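Inside the fold
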Amino acid sequence: MSQPSVIIATASYDYTIRFWEAQSASCYRAINCPAVPQRELDEGRNPQHVNKLEISPDKRYLAAACNPYIRLFDINSHHGHVRTFVGHTSNVMAVGFHADGNSMYSGSEDGTVRIWDLRYNSAEINAKVYERNCLKAYHLDGSVTPINTVVLHPNQIELISGDQDGIIRVWDTRMNSCTIELVPEPDTAIRSLSVMRDGTMLAAANDGGTCFIWNILRESQSQYLATASSDKTVKIWNVDSFTLDKVLTGHQRWVWDCAFSVDAKFILTASSDMTARLWSMEEGNELRVYRGHNKAIVCCALNDV
């Protein structure tokens, strides 16, 4: 089967990752995840649900943030699981790729932000070697505050983390140090971070239901911000005027995750009602419903570049 131009992936508490055809809303592939090695089964380790999904820029790989590992899957191979990245000691909450495809970043409840080397040889693929490929690890001395979210600035140099104490930190990967700390609301956990594609704005949402916006540069080409909530809706905000533009209603339970198309004309959402949905940003209406999981969908990924 040839690779679709639009890749949609969802992960659920049913321990599966599913790939969907965007137009027909049919599932064309399901992967049992995480792929637990036999040695871990022998040790009594049970499958763990996926906290975050990310598709590589070249659409070749899918990264799944699990506990405490990161699983890498080949999107175009029937063999699926390619590699496991070992290094974190607790739940991995965030994962993403650098633009060059050579490295990957992650954040964990163990209090660290890590960068991983994605380069390997064919022997490692065949053996599915479980070696440590961590290039760098960032954390504050003596701190084990759980990290809930990490994003990469478009400049490909700065990683931005949000933690359980409500602190946002900017890590300079060239200087290997924390250069900025922001505390929008003390002792209120940061749950989600997002940087506009043009690098002009940073958005942070916390446990108190508040979304904070920082202007990084003066001029922004971006227009919308989406917030997903336990109130079963996704709210679309105009970042020019900071007003509510529209509310997407249709999910029957908590909406956990969402992802914009590259042109921001569509948005994909994932919910505890066991569905993922594709919406028109212009009309605010539901275009497709993706059904197949038998438990809550907790994260989604979309690549239509």
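- For the chain, the name recorded in an unreviewed UniProt entry is Target of rapamycin complex subunit LST8, with Brassica napus as its organism.
- Turning to the chain, the UniProt annotation filed under Function (unreviewed entry) states: "Component of TORC1 complex, which is an essential cell growth regulator that controls plant development. Acts by activating transcription, protein synthesis and ribosome biogenesis, and inhibiting mRNA degradation and autophagy."

1. As for the side chain of Ser56
- Within the fold, Ser56 resides in the loop between β4 (52–55) and β5 (61–65).
- Sequence-distant contacts of Ser56, defined by excluding residues within four places in its chain, comprise Tyr61, Phe97 and Asn303.

2. Digging into the pairing of strand β10 (residues 113–117)
- Of all 5 residues in β10, 5 are buried; the element is thus mostly enclosed.
- Of the two faces of β10, the one carrying Val113, Ile115 and Asp117 and the one carrying Arg114 and Trp116 are both buried.
- By the bridge criterion, 5 bridges tie strand β9 (residues 103–108) to β10 in an arrangement that is antiparallel. Bridging from a neighbouring strand, Ser103 pairs with Asp117 of β10.
- Connecting β9 to the next strand, β10, in antiparallel fashion are 4 residues, including Gly111 with a positive phi near 90 degrees.
- Relative to strand β11 (residues 134–138), β10 runs antiparallel, the two being bridged by 4 bridges. Residue pairing in the sheet places Arg114 in a bridge with Ala137 of β11.

Analysis parameters
Residues numbered from 1 in each chain as written. Predicted model: local features only at pLDDT ≥ 70, side-chain atom pairs only at ≥ 80, totals over all residues. Heavy atoms only, no water. UniProt positions renumbered as here; feature names shortened; annotations may be inferred. Helix = DSSP H or I, 4+ residues; strand = E, 2+ residues; numbered from the N terminus. Contact = heavy atoms within 4.5 Å. Buried < 20%, exposed > 50% of the residue type's maximum accessible area, 1.4 Å probe, protein only. Pairing = 2+ DSSP bridges.

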